[in-house]
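Residues per chain are reported as follows:
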Amino acid sequence: MDNSDFSQNNEDSQQVAELQNGEWNKLSPISIVYFAVRSIFDFATTFFYLIPVLAINFNKIKEQPLIIVVVAACILIIFIVMGVLNYWFYRFRVGSDRIEIKQGIFKKSHIDLPFARIQNVKLSQPLYYRINDYSCIELDTAGSAKQEAKIVALKTDLAKQFRIKILETATESKSDAFSSIASADAGAASNEVILNHRSMRDLVIHGLTNNRIWIFLGALAPFYGSISDFLSQFFESIGFDAEAYFSIETQAWWEFGLHVLSVAMLIMLVVVSFSVVGAILMFYKYTLSKTKDRYIRRSGLLTKHEVSMKLSRIQIMVQAQDWLDVLLGRVNLSFEQNTSGVANANKSDGQMSNKLLVPSVTIPESLALMKNAMPSQTLAEQVFKPISKRYILRGLLLIALPVGGLLFTAIFRNDLYVAASVACSAFVFIGAILVIRWKRWGYSYDKEYFYIRRGLFGVNYYCFPMYKVQQAQFKQSIFIRPYQLASLKVVLASGAKLVPYMPASDVKNIINCILDQLVIDKRSWM
Amino acid sequence: MSIELRSNQQVELSGTCKVEDMVLHSLSPKYRSLNIIISLVIGFVMVAIILLLAIQPLFSMPQKYLDYYYIAVMAITFLTLWSVLHSYFADPKKKYAIREFDVHFQSGLLFSSTVSQPIMRIQHIEIERGPIERSAGLATLQVYSAGGANHAFEIPGLVYEKAIELRQFILNHKDVSQNG
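Keep in mind that this is a model prediction, so the values were computed, not measured.

1. Focus on the overall build of chain A
- Across its full length, chain A carries 17 helices and 19 strands.
- Residue burial in chain A is summarised as follows: out of 526 residues, 42% are buried.
- Long-range pairs, those at least 24 residues apart, make up 60% of the contacts in chain A with a sequence separation of at least 6.
- Summed over all atoms, the accessible surface of chain A reaches about 26900 Å², with 65% contributed by carbon and sulfur.

Given below as structure tokens:
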């Protein structure tokens, strides 16, 4: 899926037109592979809990290798048959303004989806499709998760043309007033501009700063037992005695400490290198490009993902920086759209379609991208106002005091002085964290946008246009009312944001500002 | 989006109504009594079941139950009283307001909050009536935005006719019919 070949091809558009003849089409036979692989995945997720049972009986099973072969062959044949049947029963029909999909072996389904309701078109290319250059098209709708439709195998060029066709139809039918402009720009819609791409170096940095090891931990989960067996055998074979290495009795405390430290460093090294590999797997050849009205993200080493998001659907921009990012001067920029009704809300953020992540960009790059997405926003020039220092006091009373008290009561029977010092240091430690947290909190607003800064060791910036607000809340407890403080909660389609302990007058001003703006500004949040 | 709608600006500028100056309407007075009655009934039923189990002669309960059941009775009595007192003081604090372009609901005794819901962002409306609410002629108005079900805007304890009227006002609102 290179961008270089992304040109309007007459042959392809003719093919798209051929698709739209109103006949029921069948997929290419390569989709059998897709269906078979999918049923393997479905099977694996359904019977995941059986793995321990198999592992326990592993020794018994090992004695009868023939049974394993037969069972494995049977299962494989079942999957292939499932794949063939799924392929056989899959039909799709493309009309001028809608697509229909019939599928299912036992449970038949018939999806009828008008182009106008399609929110997002995703192209993905699993490894086994790359040989013949096929792609899957996933059509996300604004509505429920069940309505999600997928055309499983189309030639990649055709899929791209088809996507342009769908998106053009969707935008045309939405804005009738601008239909003439839309059709005039129809040619331009395919003219993508690449806004950003990530080099290998960026991905290594991303892997270092963002722990992506869970991708591996998840994939390796079934093999934990055998890995630990292997490790212990390995240590034995090289004559390494782990028990002696970590024994306190036989060595000096500094020696013991050094051993622990070196093992910790080794584990860190493994974790970090896995994390880097995870980042590369997910974001290999990352490009963020822009067409007339949407952003398209392409990345992936094994399975190539292509996610596109309409610019107007972006609810909030988040510039996230962990402490290591702060040191290296990198940020993770993400554009978030609505979460309600998104089918894959619990997927990892690499695949999530409600979030468009630009991994580990430099701050100037991030600011430029934000400027591109929302030109009138001025995050860079904002001077953030602090929240009230009573925020620290609340934390001291609600967290630090109970923790200190508990520690004190737990230890003081043994040693009063130790108890006092432990409780005091816990109190001071939590207090210090609260002060840092308070220092990070900040808010700012102009006529159109609201900006939030928050964080602890890292720092996150949020920026959203006020007209996208779904609901605003003024929150005040009787403990902060005498000090004219209040908290502001703003609900967006992508989630809620809370700013605590602001001056009450500011909260009122902001809410009035948001509501007044919605009286005048009738733009949709979508 | 169009130019005609932008003239709304003047309407809002001439109207000086700020969120903090709004006139708030109280809920139906029946709402508080209903809540108190419900708390009392639930508490009474639970205490009655525990007591009956303890003193009934049909089958013998474990000794541990007989030793400690009075703690459960005390806890339930305390919680019931607490919720009665809370309803008594907190329910009158629940108020709502309707402006030309938004609806508001204020609540909370110790932790007060005012939720403001612009009518333009409303996705759908429900009127909910349980059997007890129905018998008292009350209804709860629920308003959903794209913020999700966790942030549903809710006005409880409305007289049914009032709730219908409110729903109709929102449904007829041009923000919902044209821009929603």
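Structure's up, so let's keep going.
2. Some details on the overall build of chain B
- Scanning chain B from terminus to terminus reveals seven helices and seven strands.
- Counting helices and strands in the order they occur from the N terminus, chain B gives α-α-β-α-α-β-β-β-β-α-β-β-α-α.
- Here chain B holds 180 residues, and the buried ones make up 39% of them.
- Counting only contacts in chain B whose residues sit at least 6 apart along the sequence, the fraction spanning at least 24 positions is 53%.
- Only carbon and sulfur atoms are counted for the fraction: they give 64% of the accessible area of chain B, which is about 10800 Å².

3. Brief notes about the confidence of the model for chain A
All names here are of chain A.
- In the predicted model, chain A carries a mean pLDDT of 80, and 83% of its residues have values of at least 70.
- When the criterion is pLDDT under 50, residues 1–9 qualifies, and its contacts beyond four places in sequence or with other chains add up to 25 contacts.
- Low confidence marks residues 341–351, where pLDDT is under 50. Its contacts with residues over four positions away, or in another chain, come to 22 contacts.

4. Brief notes about the interface of chain A and chain B
- Listed as interface residues are 33 residues of chain A and, on the opposing side, 34 residues of chain B.
- Interface of chain A and chain B: buried area, both sides summed, is about 2900 Å²; carbon and sulfur atoms make up 57% of it.
- Between chain A and chain B we count zero salt bridges in total.
- The tally of links between chain A and chain B comes to 14 residue pairs in polar contact (both at pLDDT 80 or more).
- Of the residues in the side of chain A that touches chain B, the class split is 16 nonpolar, eight polar and nine charged.

5. Quick look at unusual backbone geometry
Residues and elements named next belong to chain A.
- A positive phi angle, close to 45°, is found at Ser 360, a residue other than glycine.
- Classification of Ser 360 by relative accessible area gives buried; the value is 0%.
- Phi is positive for Gln 484, which is not a glycine, with a value near 60°.
- Within the element layout of this structure, Gln 484 appears in the loop between strand S17 (471–477) and strand S18 (485–492).

6. As for the sheet that holds strand S2 (residues 95–98) of chain B
- Read from one edge of the open sheet, seven strands run S19(A)-S18(A)-S17(A)-S4(B)-S3(B)-S2(B)-S1(B), paired in antiparallel fashion. The sheet is open, and its two edges are formed by strand S19 (495–503) of chain A together with strand S1 (25–26) of chain B, each paired on a single side.
- Pairing between S17 of chain A and S18 of chain A: five bridges, direction antiparallel. Counterpart to Phe 474 of chain A in the pairing with S18 of chain A is Leu 488 of chain A.
- The sheet contacts of helix H17 (residues 504–520) of chain A involve S17, S18 and S19 of chain A together with strand S3 (102–107) and strand S4 (111–118) of chain B, and relative to S19 of chain A the element is tilted by about 140°.

7. Some thoughts on the packing of helix H2 (residues 31–46) of chain A against helix H5 (residues 65–89) of chain A
All names here are of chain A.
- Two elements in contact, H2 and H5, have axes separated by 8 Å at closest approach and are oriented at 125°. Between H2 and H5, the angle is such that the two are oblique. When you trace H2 past H5, the crossing you get is right-handed. Contacts between H2 and H5 involve Ser 31, Ile 32, Phe 35, Ala 36, Arg 38, Ser 39, Ile 40 and Phe 43 from the former and Phe 79, Met 82, Gly 83, Val 84, Asn 86 and Tyr 87 from the latter.
- Looking at side-chain class alone, the contact of H2 with H5 contains nine nonpolar, four polar and one charged residues.

8. Let's talk about the sheet that holds strand S11 (residues 316–321) of chain A
Residues and elements named next belong to chain A.
- Here six strands make up an open sheet; going across it, the order is S13-S12-S11-S16-S15-S14 and the pairing antiparallel. Whereas interior strands pair on both sides, the edge strands pair on one side only; in this sheet they are strand S13 (355–362) and strand S14 (442–445). Sheet twist, expressed as the average angle between the axes of neighbouring strands with direction ignored, equals 15°.
- The pairing of S11 with strand S12 (residues 330–336) spans five bridges and is classified as antiparallel. The residue of S12 that forms the bridge with Val 318 is Ser 334.

9. Some points on the pattern of salt bridges
Residues and elements named next belong to chain A.
- For the structure on display, the rule yields eleven salt bridges over all chains.
- Note that Arg 93 and Glu 100 form a salt bridge whose closest N and O atoms lie 2.9 Å from each other.
- On the accessibility criterion, Arg 93 (25% relative accessible area) is partly exposed.
- We note a salt bridge from Glu 306 to Arg 298, for which the minimum N-O separation is 2.9 Å. Of the two residues, Glu 306 and Arg 298, neither departs from the other in class, the shared state being buried.

10. A few points about the nonpolar core
- With 40 residues, the main nonpolar core has Ile 387, Phe 450, Phe 464, Leu 488, Val 499, Met 502 and Ile 511 of chain A as its most contacted residues.
- With seven residues, the top contributor of residues to this core is H17 of chain A.
- Here this core gathers at least three residues from each of two domains, domain 3 (314–386 + 441–520) and domain 4 (390–440) of chain A.
- Once you skip the residues sitting within four places of it in the chain, Ile 511 of chain A turns out to touch Ala 472, Gln 473, Phe 474 and Leu 488 of chain A together with Val 19 and Ser 116 of chain B.

11. Description of helix H4 (residues 63–90) of chain B
Residue and element names in this part refer to chain B.
- Along its 28 residues, H4 runs 41 Å from first to last C-alpha, staying within 8% of the 40 Å computed at 1.5 Å per residue.
- Roughly 40° is the biggest bend found in H4, and it falls at Tyr 69.
- All buried positions along H4 are accounted for by Val 73, Ile 76, Thr 80, Val 84, Ser 87 and Ala 90.

12. A few points about the side chain of Gln 315 of chain A
All names here are of chain A.
- Position of Gln 315 relative to the elements: it lies in the loop between strand S10 (304–310) and S11.
- A relative accessible area of 0% places Gln 315 in the buried class.
- One polar contact links the side chain of Gln 315 to the main-chain carbonyl oxygen of Trp 525, over a distance of 3.0 Å.
- Ignoring anything within four residues of it in the chain, the contact list for Gln 315 reads Glu 336, Gln 337, Asn 338, Phe 464, Pro 465, Lys 468, Ala 493, Ser 494 and Trp 525.

Cut-offs applied
Residues take numbers from 1 onward in each chain, read along the sequence in its written order. Starting at A for chains and at 1 for ligands, labels are handed out in the order in which the entities are written. A pLDDT threshold of at least 70 governs which residues receive local features in this predicted model, and a stricter bar of 80 or more applies before side-chain atom pairs are shown or counted, although totals over entire chains, interfaces and linings include all residues. Computation of side-chain values covers all heavy atoms of the structure but excludes hydrogens and water. A run of H or I in DSSP becomes a helix once it reaches four residues, and a run of E becomes a strand once it reaches two; helices and strands are each numbered from the N terminus. Working definition: with a 1.4 Å probe on protein chains only, accessible area under 20% of the residue-type maximum means buried, over 50% means exposed, and in between means partly exposed. We call two residues in contact when some of their heavy atoms are within 4.5 Å. Residue exposure ignores everything except the shown protein chains as possible cover, and the areas themselves are Shrake-Rupley values with a 1.4 Å probe. Every residue carries a pLDDT, the predictor's confidence in it, which falls somewhere between 0 and 100. As a working definition, buried area equals the accessible area (1.4 Å probe) given up by two parts on being put together, with both sides summed. Salt-bridge detection follows one rule: a side-chain nitrogen of Lys or Arg within 4 Å of a carboxyl oxygen of Asp or Glu. Here a polar contact is taken to be a pair of N or O atoms separated by no more than 3.5 Å, where protein atoms must pair a possible hydrogen donor with a possible acceptor and residues adjacent in sequence count only if both atoms sit in side chains. Any residue outside Ala, Val, Leu, Ile, Met, Phe, Trp, Tyr, Cys, Pro, Asp, Glu, Lys and Arg is labelled polar, Gly included; the first ten of those are nonpolar and the last four are charged. Here, a strand pair is defined by DSSP locating no fewer than two bridges between the strands. Note on geometry: axes are C-alpha line fits, over the in-contact stretch for helices, and angles between N-to-C directions span 0 to 180 degrees. Angle categories: roughly parallel below 35 degrees, roughly antiparallel above 145, roughly perpendicular from 65 to 115, and oblique for all the rest. With the far helix as reference, a near helix turned anticlockwise by less than a right angle produces a left-handed crossing, and one turned clockwise produces a right-handed crossing. Here, nonpolar core refers to any group of buried Ala, Val, Leu, Ile, Met, Phe, Trp, Tyr and Cys residues whose side-chain atoms link them within 4.5 Å. The domain limits used here are those given by an automatic or database domain assignment. Here, expected helix span is obtained from the residue count minus one, scaled by 1.5 Å. We define the bend at any residue as the angle between the axes fitted to the seven residues before and including it, ending there, and the seven starting there.

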